[in-house]
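Structure assessment
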Amino acid sequence: MKTGKVDVLLGLQWGDEGKGKVVDVLTPKYDVVARFQGGPNAGHTLEFEGQKFVLRSIPSGIFQGDKVNIIGNGVVLAPDLFMDEAKALEQSGHPLKNRLHISKKAHLIMPTHRVLDAAYEAQKGKNKVGTTGKGIGPTYTDKVSRTGLRVGDILDNFEQKYAAAKARHEAILKSLNFDYDIAEVEKKWLEGVEYLRQFPIVDSEHEINRLLREGKSVLCEGAQGTMLDVDFGSYPFVTSSNTICAGACTGLGIGPNRIGEVYGIMKAYCTRVGAGPFPTELFDETGKEIRNLGHEYGAVTGRERRCGWIDLVALRYSIMVNGVTQLIMMKSDVLDGFDTIKACVAYKQKGKQIDYFPYNIEEGIEPVYEELPGWKTDMTQYTSEEQFPQQFKDYIDFLERQLETPITIISIGPDREQTILRHGK
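Residues numbered from 1 in each chain as written. Predicted model: local features only at pLDDT ≥ 70, side-chain atom pairs only at ≥ 80, totals over all residues. Heavy atoms only, no water.

**Remarks on the packing of helix α2 (residues 79–91) against helix α6 (residues 183–196)**
Two elements in contact, α2 and α6, have axes separated by 7 Å at closest approach and are oriented at 60°. With respect to α6, the element α2 is oriented oblique. For the pair α2 and α6, the sense of crossing is left-handed. Note on element contacts: α6 touches α2 through Val185, Lys188, Trp189, Glu191, Gly192, Val193, Tyr195 and Leu196, opposite Pro79, Asp80, Phe82, Met83, Asp84, Ala86, Lys87 and Glu90. Here the contact of α2 with α6 is composed, by residue class, of 9 nonpolar, 1 polar and 6 charged. (Axes fitted to C-alpha atoms, helices over the stretch in contact; angles between N-to-C directions. Helix = DSSP H or I, 4+ residues; strand = E, 2+ residues; numbered from the N terminus. Parallel < 35°, antiparallel > 145°, perpendicular 65-115°, else oblique. Left-handed = near helix turned anticlockwise from the far one by under 90°. Contact = heavy atoms within 4.5 Å. Nonpolar A, V, L, I, M, F, W, Y, C, P; charged D, E, K, R; others polar.)

Given below as structure tokens:
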């Protein structure tokens, strides 16, 4: 019996690594692209043919016309935001109705989830996590506490189920004395529910395994990054789902023995959005320069991203917990103009040097850097690795030795064409 393969693509840092572009580049090799976790708090930006798209819930394989795209059971979906996103794509000439399938088991983000998100953050005061306010956390909370509303619920007795869930939320908000008005949002949200009914709503775990039995190849697409994983990230400043490779199994219903390649995406430097520890963060002009050169502003929120040098301690940890087989380095061109490039190879904590990612990185962590000469070359027009300056080749070799994993793809700009596949890797 022939059997298809499953490869996983995910971020290794604190999100925003450039996953959307890479999925779009890799998609021609696959029959199916499936999102396995996260919600509309994650924006995947793709640029090609002079157009720019930001995908929040829809898999990045949607631009390749003959692919099946699946929103898996591990995703949380906001019908109103999904409707906006899907309509914008359809208006730009990318029809979705038959090529996008949605899991019955994906949970719905309700209007009151967003209000709860704001109420909980307000309650935390200076200890707030820095959520995007999209209702992601409260939706996953309902999922775990077994009170959630799922996409499949819109097919049967929906009004009653929605009213019961909304009443539960309203009781919580009343106890928190939090003022809100969801009338307009709710009206659009219910329109989104009607719109959602036009798509194939499927038992996605059965569909994806049937496709595999037919010999189809599947690319699983993660959102956010490994360091935001609810179990293995910098808790509590994390997202509410498993962003690591194991999340592809639970978020799609795929057996772990199906997983083949695990593509880990990283930037040539490091960024973070929102609160939480960030050992290599730069507060000087260099940090500002990286932010401006890299256009480091959130695709969904517009928030400034905190910027710093690459953190190899955190990357080694990410590679370990994901079982990464290939690395993909994004935004190498952002460092084109620097005289010196720094890389964090270890931490100092309580006077002791450590080379592993510790339980608590909130305080007392000092990065230990190695310095490498910059390449001082504009690489954005290059089309092959043979054109790379020697200093950049040395940087790649250094990273591969430190991370013990091959870097097989290098991005030197935002466009689909500005992607170099390395030979012999």
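Structure's up, so let's keep going.
**Comments concerning the pattern of salt bridges**
Considering all chains together, one arrives at 22 salt bridges under this definition. Put simply, Lys104 and Asp203 hold a salt bridge, and the shortest N to O gap is 3.5 Å. Here Lys104, found in the loop between β7 (100–103) and β8 (107–108), pairs with Asp203, found in the loop between β9 (201–202) and α7 (204–213); they are 99 residues apart in sequence, far enough to count as distant. In this structure, the salt-bridge partner of Arg306 is Glu281, at a minimum N-O distance of 2.9 Å. Remark: Glu281 occurs in the loop between β12 (270–272) and α9 (285–293) and Arg306 occurs in strand β13 (residues 306–308); sequence separation between them is 25 residues. In terms of burial, Arg306 and Glu281 fall into one category: buried. (Salt bridge = Lys/Arg side-chain N within 4 Å of Asp/Glu carboxyl O. Buried < 20%, exposed > 50% of the residue type's maximum accessible area, 1.4 Å probe, protein only.)

**Thoughts on the packing of helix α10 (residues 312–322) against helix α11 (residues 390–403)**
Direction vectors running N to C along α10 and α11 enclose 55°, while the axes themselves pass 10 Å from each other. Considering the angle they form, α10 stands oblique to α11. In this structure, α10 crosses over α11, and the sense of that crossing is right-handed. Facing α10, whose interface residues are Leu312, Leu315, Arg316 and Ile319, α11 presents Phe398, Leu399, Gln402 and Leu403. Grouping the amino acids of the contact of α10 with α11 by side-chain chemistry returns 6 nonpolar, 1 polar and 1 charged.

**Some details on the packing of aromatic side chains**
In the structure shown here, the tally under the stated rule is 13 aromatic pairs. Taking 4.7 Å as the distance between ring centres and 65° as the angle between the ring planes, the aromatic pair formed by Trp375 and Phe392 counts as edge-to-face. Of this pair, Trp375 sits in the loop between β18 (365–373) and α11 while Phe392 sits in helix α11, placing them 17 residues apart in sequence. Note on accessibility: Trp375 and Phe392 belong to one class, buried. Taken together, the ring pairs connect Trp375, Phe388, Phe392 and Tyr395 into an aromatic cluster. One cation-aromatic arrangement involves Lys342 over Tyr369; the distance from NZ or CZ to the ring centre is 5.5 Å. (Phe/Tyr/Trp six-rings, centres within 6.5 Å; stacked < 30°, edge-to-face > 60°. Lys NZ or Arg CZ within 6 Å of the ring centre and 35° of its normal.)

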